[in-house]
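Listed below, chain by chain, are the residues.
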Amino acid sequence: MRSLIYLLVGIFSGITLFKSEAASWFRIYEMFKFDAFHMYGIIGTAVVLGVIIVQVIKRFKIKSFYGEPIEFQPKEKSVPRYLFGGIIFGLGWALAGACPGPMFTLVGAGYPPILIVIAGAMAGTWVYGLIRDRLPH
């Protein structure tokens, strides 16, 4: 039953991403050229909602679907970690024209060439797993 709920939430999220044009290559291109506020508005809304939801989870001690307490572990702060990771992520996003969420949305919307990008993302994740021990964490 939970798998069905996850599937329905995923489908709803994909439809929302597609209808809001967050999966549109043109909108992403516009964003990187600083020509329009559209994508910054979507990303900003997601960040604000994320902060609010995390605070609600912490304040009201909301539990997971499995009844377990949700715990947030503080991350180690270091400039190289976020600088290099952000640059790599941003370059991949700019080259592919989509970040991970919209990539799968585009497959569902009937754009099969994005499967090449997904294969590249999976290969990049695999390479990261191989060299993770040698990277600054």
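Here, every reference points to the structure presented above.
Now for a quick tour of the structure. (Residues numbered from 1 in each chain as written. Predicted model: local features only at pLDDT ≥ 70, side-chain atom pairs only at ≥ 80, totals over all residues. Heavy atoms only, no water.)

**As for the packing of helix α2 (residues 25–32) against helix α3 (residues 38–60)**
We count it as follows: To obtain each axis, a line is fitted to C-alpha atoms, and for helices this fit is confined to the stretch in contact; angles are then taken between N-to-C directions over 0 to 180 degrees. Put simply, DSSP marks the helices as runs of H or I at least four residues long and the strands as runs of E at least two long, and each gets a number from the N terminus on. These descriptions rest on fixed angle ranges, namely under 35 degrees for roughly parallel, over 145 for roughly antiparallel, 65 to 115 for roughly perpendicular, and the rest for oblique. Throughout, a residue-residue contact means that at least one pair of heavy atoms, one from each residue, lies within 4.5 Å. Amino acids outside the nonpolar list (Ala, Val, Leu, Ile, Met, Phe, Trp, Tyr, Cys, Pro) and the charged list (Asp, Glu, Lys, Arg) are all regarded as polar, and Gly is one of them.
Packing of α2 against α3 leaves a shortest axis separation of 8 Å and a crossing angle of 90°. Here α2 lies roughly perpendicular to α3, going by the angle between them. Residues Arg-27, Ile-28 and Met-31 of α2 touch α3, and the partners they reach there are His-38, Met-39, Tyr-40 and Ile-43. Partitioning the contact of α2 with α3 into residue classes produces five nonpolar, one polar and one charged.

**Here we look at helix α5 (residues 100–108)**
For clarity, the cut-off: Burial status follows relative accessibility: with a 1.4 Å probe on protein chains alone, a residue under 20% of its type maximum counts as buried, one over 50% as exposed, and anything between as partly exposed. Working note: the arc is built from the helix axis to C-beta atom directions.
Among all positions in α5, only Pro-102, Met-103, Thr-105 and Leu-106 are buried. In an axial view of α5, the angular spread of the buried residues amounts to 165°, which keeps them on one side of the axis. Check the buried side of α5 and you find it contacts α1 (2–19) and α6 (114–131). Gly-110, located one to two residues past α5, shows a positive phi value of around 95°.

**Topic: the layout of surface pockets**
It is a probe the size of a water molecule, rolled over the atoms, that shows where empty space is left. Rules: Definitions used throughout: a 1 Å grid over protein atoms alone; a cavity as a set of points that fits a 1.4 Å probe which cannot get out; a pocket as an open set with protein on both sides within 12 Å along at least five of seven lines; a lining residue as one with an atom within 4 Å of a point. Grid points are joined across faces, edges and corners, and a volume is the space filled by probe spheres set on the points.
If you add up the space inside the largest pocket, you get close to 740 Å³. Of all elements in the fold, only α4 (79–96), α5 and α6 reach the threshold of two or more residues within the lining of the largest pocket. Its residues placed into classes, the lining of the largest pocket shows 15 nonpolar, six polar and one charged. Approximately 320 Å³ is the volume attributed to the second largest pocket. In terms of lining residues, the second largest pocket is bounded by 13 residues, among which Leu-17, Ala-22, Ile-42, Ile-43 and Ala-46 are the most central. Within the residue set of the lining of the second largest pocket, elements represented by two or more residues are α1 and α3. Looking at which element gives the most residues to the lining of the second largest pocket, the answer is α3, with five residues.

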